[in-house]
Each structure stands twice: as structure tokens, then as C-alpha cells.
Amino acid sequence: MIRSLQRFGHAGLSVCAKFGWAGLFLVSALVGRPNVVLGFKLLVKQLYSVGVFSLIIIVVSGLFIGMVLGLQGYSILVDFGAESALGTMVSLTLLRELGPVVAALLFAGRAGSALTAEIGLMKATEQLSSLEMMGVDPLRRIIAPRFWAGQISLPILAIIFSVVAIYGSYMVGVQWLGVSEGAFWGNMRAAVDFREDTLNGIIKSVVFGAVITWIAVYQGYVAEPTSEGIGRATTRTVVHSSLAILGLDFLLTAVMFGEV
Amino acid sequence: MTEQSDILIKIRDLSFFREARPIFDGVNLDIPRGKITGIMGPSGTGKTTLLRLIGGQLRPNTGTVEVDGRNIPTLSRDQLYHVRERMGMLFQSAALFTDIDVFENVAFPLREHTDLSDSMIHDLVLMKLEAVGLRGARRLMPHELSGGMARRVALARAIALDPDFIMYDEPFAGQDPIAMGILVKLIRLLNDALNMTSIIVSHDIDETLGVADYVYVIANNKVIGHGTPDAIRADESPRVKQFIRGLPDGLVPFHYPAEPLEDDFL
């Protein structure tokens, strides 16, 4: 009994210590005198590899999810003669929940895992050590631009996801199943509130972006520098990020929409 | 010149533990300025750890590591990064940045630490690459280089800022005889031409004794012998003799510590 309590205490302390390390790690990477010109160049490069390379999976997934939503939404709503509410249903679902959450899950799988593997391999091949020995802080040079790139990319990707998905549901609902175009767009415009729905969705994806890239760069940096260690770190990034996204989504939804 | 200024790196009573396992226990070392010092010892004795202690990537449990009079473990993060600009290090894996070509790898420290114009950086990089014989390989990517070429590019990068001293971590490991010969020649040439101090950590006895001016042999957490290469070759102490002559068994045992044989089989 005492033993298991002791083990539980140890595990709790170790989790707290890890959170502390991860927090200090992020603060050391982000706080300090910025080198504006170099920092901007590095950021643009990372925006390209973190953001632009994630675009295809986001657009294709968005299109299919939108089409499925259109199809399922229509088949349910038509029973109540309410298929004209399809635009409202699809847009609110996407802007409030599916856009930020699914884009974040895809981003964790596509960009988060790549970030962890890249940084882990840089550690294994002594590139991080060689930066340190050249008098260049790897936290500022490698970690910071990747963090900001993830942070900026995800909200934009989530917006693109929602836009493409709405278009997908329009294709299925209006052009294929015959919902009135005017009702589809008109009801959507009447129901969607910018602050309540769109802005809250963007806030969610900002939070998810920070959490995913924080987990990804930290796991890469502390990865055991072996092939097995990097594999495990990459898996941890995807698992931890996905759980964090879903858990935080519930909390954020409760705060944002709980009173309604 | 006083005796003190002849010593660039002075290590005193250095102890370092990895968890509970001692790596160094009361090590004293002097690295003379302008010379090539070899640090030799069997694999796993912490030779690379010693370089990381000198570079401040690890902190000792006790003892001092003075580089040009400054005790590395007591420096602040900013001071340490500043001091490192005067150090060069050649990693065993070369550690080139894989997303940029040879030219940009060598230009990297210049772009980071100087405000030189592009044309000046161009000339300096080509001079460094010429010194290691790879001016013609400037547009190759790291994955297109052989192991020996990668190490020479890393060497050009390590000397880009004309450091006071350069640390070579197992420079001869895994190299073919020609590449090894080139590296031995380059280490001596660069040390003398650039008036640098060199530290070679290696277990390749012939190459290290051939190029070094002074040698330390490390085993069992301590310095077990030091002297000029000739003195080390002639050393009759059992540990040094076993290492230098490559005897499979001796004071450094062939068997990893284990229970008595009977306990396992009977």
C-alpha cells in the first residue's frame, strides 16, 4: 500500500518535473533579444516546410469531410423537411469544432511528427551539439523558428480547412442533392456570428498550434539519440498532441459555449 | 613567455559522474599552447566526455576546467557561447547541416558571428575549402560526400573563424588509409600554419602517436600515463603497455565483470 502510494507520488513528481522542464525549454527558446533579419528568414523557411507542405492533406481532408457532412446532414435534415438548414449546420459544426480539431489532428500527424523526427535526428547526428560548439544557441536557432511557424500555420490551415469543407458540403448538398442555393448560403450567413463562432474557432486553433508545436519540438529535443528513441519520440508527439487537442477542445468549448 | 601562458587548457582534480558511475575521478591535465595533444584510451573511458567538459556542454561534479584562464563551468550561458566562438570542434559524425550545401556549411559560422560582406565570406570559405582540398566540392550536398570528405568539410567549418584551439573527436575512426593519411597531414598543417592548439581524442595509436607532440593515456577514470609519443611507446607500466601494444588481456580485463563461472553453469 505504502509502496504503491510512493510509486504514485514518484510518478506525479516526475510528471511535474517534466512539465517544468518543457516550460523552461520553451521560455529559453522564445525569450531574449531577437535577431529580426535572420529570425524572419528562418521563420519563412519553416513556414514553408511546416505550413505549405501540410496544405495538401488539409485541403483534401477538408473537401472529403465537407462532402460527408453535406451528405449525412442532408439525409438527416430531409426527414424533418429542414434541408434548407444544411448550410447552418455544416458551417457551425466546422467553424466551432471540426475545423480547428480535425485540422489540428492532421497537423500533429503531418507536421508535428516531422518536427520531432527532424530535431531528434539533428540531435543524433550531433548537429545540435555542433551548433552549441560554434557558439550558436540551438534553442534560438532551431527551436524558436519552428515553434512560431507551427503557431502561425495552424490557425491559417484550420481556416482553409473550414472553407474547403464548406465548399465540399455545398457541392454535395446544393449541386448534387438539390438544396436551394439561396437557403444554403442565406441561412449560413444569418446563423454564423463572427465573434461567437469564427473567432472562437480561430482561438481554439491558436491554442492547438501552440500545444502541438511545443510538444513536437520538446519531444525532438529530449529524444534519445538512437533510431528507436526517435521512433518513440515521434509516436509520443502524435499521441500526446492528439490527446491534448481533444482534452483542450472540451475545456475550450465548455468555456466558450458552456453558458448557451 | 611565462610557464602559465604556455598552457592553454588546465584541468585540475576533475571528477565527473554519470548518475552514480564515475567517468573521471581526480583527473589533472595540461594542454600546451600551439601543440598537438593526443588523448588516448580504450573505448568507453570518457574521452569524448572530456571534450564536452572542455567545451562546457557538460559540467563537472568537482574540479576546474580552465581555458585561457577562464574556468568554464562557472561561466554564464552568454559568456560560454562567447568563449565557444574561439573553439573549434570536429565531431566524429562530422555533424554537417544536411539541408545546406558544403559552401553554406563552411559559411555558417561566418554568417552567424560576423558582419562580413557576401564577397568576403565567399573568399574566406573558398580559402578554407582550398586548405582541406575540397574547393571543387563546394556545391555538393552533405549526402553526396564520402565519410572522409565530410570530415574535411567539417574541419573547414571548424576553422572558419580561426579558433584558438580545435578539438578532434575520433578523427580517424572509420576512415580508409588514404583519408586517414590526409587527415593526419591536415591536422599538422593547420595546427602549424594557423598557429592553433589541437587536441585529438582517439584510440588509433599509430596515427595519434605519429602526429601528436604530447600524449595522455586515460583509463579507469584516471590519467594512467603521459609524455611525448616516444616516452609513451617506451612506457613499461602494465596498463599503458597493454593499451599501446593492443594486448587483448591484462590489467584492462578481457572479461566484463561477472559472477563466478560456476554460479552460471552449475
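Residues numbered from 1 in each chain as written. Chains lettered and ligands numbered in written order. Predicted model: local features only at pLDDT ≥ 70, side-chain atom pairs only at ≥ 80, totals over all residues. Heavy atoms only, no water.

Draft legend 1. Structural context of empty space enclosed by the protein. Under the definition given, this model contains one cavity of 30 Å³ or more. In this structure, the largest cavity spans a volume of roughly 130 Å³. In terms of lining residues, the largest cavity is bounded by 14 residues, among which Met-134 of chain A together with Met-87, Gly-88, Arg-157 and Ala-158 of chain B are the most central. Listing elements by their share of the lining of the largest cavity, those giving two or more residues are α5 (127-133) of chain A together with β6 (87-90) and α5 (147-158) of chain B. (1 Å grid on protein atoms, 1.4 Å probe; cavity = no way out; pocket = protein on both sides within 12 Å on 5 of 7 lines; lining within 4 Å. Points joined across faces, edges and corners; volume = space filled by probe spheres on them. Helix = DSSP H or I, 4+ residues; strand = E, 2+ residues; numbered from the N terminus.)

Draft legend 2. Just the sheet that holds strand β3 (residues 36-40) of chain B, in detail. All names here are of chain B. Across the sheet, which stays open at both edges, the six strands sit in the order β6-β7-β8-β3-β9-β10 with mixed pairing between neighbours. With one partner strand each, in any of the chains shown, β6 and β10 (222-227) form the two edges of the open sheet. Strand-to-strand, the axes of this sheet are offset by a mean angle of 15°, without reference to chain direction. Taken together, the five bridges between β3 and strand β8 (residues 197-202) define a ladder with parallel strand orientation. Residue pairing across strands places Thr-37 opposite Ile-199, the latter belonging to β8. In this fold α5 packs onto β6 and β7 (165-169), with an angle of close to 175° to the strand it touches most, β6. (Pairing = 2+ DSSP bridges. Axes fitted to C-alpha atoms, helices over the stretch in contact; angles between N-to-C directions. Contact = heavy atoms within 4.5 Å.)

Draft legend 3. Quick look at the domain arrangement of chain A. All names here are of chain A. On domain assignment, one finds that chain A holds domain 1 (1-31) and domain 2 (36-257). Here domain 1 and domain 2 have C-alpha centroids that lie 28 Å from each other. Between domain 1 and domain 2, the residue contacts involve 10 residues of the former and 10 residues of the latter. Where domain 1 abuts domain 2, roughly 940 Å² becomes buried across the two surfaces, and 81% of that area is made up of carbon and sulfur atoms. Considering only the surface of domain 1 that becomes buried against domain 2, Phe-25, Ala-29 and Leu-30 emerge as the three largest contributors, covering 56% of it. (Domains from an automatic or database assignment. Buried area = accessible area lost by both parts, 1.4 Å probe.)

Draft legend 4. The arrangement of the sheet that holds strand β4 (residues 62-67) of chain B in detail. Residue and element names in this part refer to chain B. With antiparallel pairing, the four strands of this open sheet are ordered in space as β2-β1-β4-β5. At either margin of the open sheet sits one strand with a lone partner, and together these are β2 (21-32) and β5 (70-71). Sitting on the sheet, helix α1 (residues 47-54) touches β1 (7-18), β2 and β4, and the angle it makes with β1 is about 120°.

Draft legend 5. Highlighting the pattern of salt bridges. Residue and element names in this part refer to chain B. For the structure on display, the rule yields 24 salt bridges over all chains. Across the salt bridge formed by Lys-47 and Glu-170, the nearest N and O atoms sit 3.7 Å from each other. On the criterion of sequence distance, the pair formed by Lys-47 in helix α1 and Glu-170 in the loop between β7 and α6 (177-193) is long-range, its members being 123 residues apart. Note on accessibility: Lys-47 and Glu-170 belong to one class, buried. Across the pair Asp-101 and Arg-139 runs a salt bridge whose closest N-O atoms are separated by 2.6 Å. (Salt bridge = Lys/Arg side-chain N within 4 Å of Asp/Glu carboxyl O. Buried < 20%, exposed > 50% of the residue type's maximum accessible area, 1.4 Å probe, protein only.)

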